[in-house]
Amino acid sequence: MNLMKIGLIVLSFIIVTSVIVVLALKEKETFVTFPPNSIPSLRDRKHVDIKLKKKATMVKGTKDTPIYIIENFLSDAECNKLIKSADGKMESSPLTRPMEGDKYYRTSETGYFDGTGIQDGIDARIYDLVDRPAWSAEKTQLQHYALGKEFKEHNDAFDKDHDKEFWEKGQRTWTCMIYLNDVVQGGTTNFPAINESLTPKKGRAVVWSSLKSDGSVDQNTSHQGTPVEKGEKWIT
């Protein structure tokens, strides 16, 4: 049986930082801390949720933590070209902060969009999908998982108490992930807190917000890329 590849494009959007540093939430008697100089309009997700509901083939997750699925966001040819564009450009995937005692927490390889071929055009489609300007986005990644490799449970949002990126770059908001190939076995994207598991499907986009409507981190979006059991996997 030929080994098959799956790939994802994950694009995490940054809130580029606010004059309002702390917002008091009276109804919960808690506080949400925002990065310095962040832009409130980039935290506003209401209109994006409305747009995604209209575009989505289906909506998974929960009412408070919707996960939008868009089938055939990319064509087969586009998926193949993106995988090809990563040739010779992959290195061991970094972690925002080391996980003490677990050197196998993330075992993928990562490469970055560099404007090759169709990459810029796909970036533009993703920016339009989540209604965010290009300057507010991180560089799009392509990641590769060989047989048995995985990324254990994590949240895409920065932790203000541990991640310097929160204070230097701002907070992440939306994630757009696109599967570039079907997977033979394993490599699912699981959201344990809401008991949701997504099977890779070529061309399928998966979109979610790592923040709640009040700007606090939605812990229900913590997810994992399960080990590849047959074939190999690409993520970004």
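Residues numbered from 1 in each chain as written. Predicted model: local features only at pLDDT ≥ 70, side-chain atom pairs only at ≥ 80, totals over all residues. Heavy atoms only, no water.

**Section: the overall build of the chain**
This is how it is decided: Strands are runs of DSSP state E lasting at least 2 residues, helices are runs of H or I lasting at least 4, and numbering of each runs from the N terminus. Here's how the labels work: a residue is buried when its accessible area is under 20% of the maximum for its type, exposed when over 50%, partly exposed in between, all with a 1.4 Å probe on protein chains only. In short, Shrake-Rupley with a 1.4 Å probe defines the accessible areas, and a residue's cover is counted only from the protein chains shown.
Within the chain, the secondary structure is distributed over five helices and 18 strands. Expressed as a percentage of its 236 residues, the buried residues of the chain come to 52%. Working note: accessible area of the chain is about 11,700 Å², and carbon and sulfur atoms make up 50% of it.

**What about the pattern of salt bridges?**
Worth spelling out the cut-off: Take a side-chain nitrogen of Lys or Arg and a carboxyl oxygen of Asp or Glu: if they are within 4 Å of each other, that pair is a salt bridge.
This model, assessed by the stated rule, comprises eight salt bridges. The partner of R45 in a salt bridge is D49, with the nearest N and O atoms 2.7 Å apart. Exposure class is identical for R45 and D49. Each is buried. We note a salt bridge from E71 to R204, for which the minimum N-O separation is 2.8 Å. Of the two residues, E71 sits in the loop between β6 (66-70) and α3 (76-85) while R204 sits in the loop between β14 (196-198) and β15 (205-209), which places them 133 residues apart along the sequence.

**Observations concerning the nonpolar core**
Our working definition: Take the buried residues of types Ala, Val, Leu, Ile, Met, Phe, Trp, Tyr and Cys, join any two whose side-chain atoms come within 4.5 Å, and each joined set is a nonpolar core.
By size, the foremost hydrophobic cluster in this structure holds 25 residues, and its most contacted members are F73, L74, I178, L180 and V207. Of all the secondary structure elements, the ones that give two or more residues to this core are α2 (46-55), β6, α3, α4 (119-129), β11 (172-178) and β15. Y179, I194, L198 and W208 belong to the second-largest nonpolar core, a separate cluster that totals nine residues.

**Here's the deal with the packing of aromatic side chains**
Under the convention used in this document: Think of it this way: a Phe, Tyr or Trp ring, Trp meaning its six-membered ring, pairs with another when their centres are within 6.5 Å, and the plane angle makes it stacked under 30 degrees, edge-to-face over 60, tilted otherwise.
Inspection of the entire model under this criterion finds three aromatic pairs. Taking 4.8 Å as the distance between ring centres and 80° as the angle between the ring planes, the aromatic pair formed by F166 and W167 counts as edge-to-face. The class for F166 is buried, based on a relative accessible area of 2%. Ring geometry for F191 versus W208: centroids 5.2 Å apart, planes at 90°, classification edge-to-face.

**A short note on the sheet that holds strand β16 (residues 223-225)**
What counts, and what does not: By this definition, two strands are paired if DSSP reports at least two bridges between them. Interaxial angles span 0 to 180 degrees and are taken between N-to-C directions of axes, which are lines fitted to C-alpha atoms, for helices over the stretch in contact.
Pairing within the open sheet is antiparallel, and its four strands lie in the order β10-β16-β13-β14. Each edge of the open sheet carries a strand with a single partner, namely β10 (151-154) and β14. Within the sheet, the average angular offset between the axes of one strand and its neighbour, ignoring direction, is 15°. Of the strand pairs in this sheet, β10 and β16 are connected by two bridges, and their pairing is antiparallel.

**A short note on the side chain of D156**
Basically, it comes down to this: In this tally, Asp and Glu contribute negative charge and Lys and Arg positive charge; neither His nor the terminal groups of the chain are included. Two N or O atoms form a polar contact when they lie within 3.5 Å of each other; inside protein one atom must be a possible hydrogen donor and the other a possible acceptor, and for residues adjacent in sequence the pair counts only when both atoms belong to side chains.
Positionally, D156 belongs in the loop between β10 and α5 (164-168). The charged side chain of D156 is buried without a salt bridge, its nearest counter-charge being R172 at 5.2 Å. At 3.5 Å, the side chain of D156 and the side chain of H223 are in polar contact.

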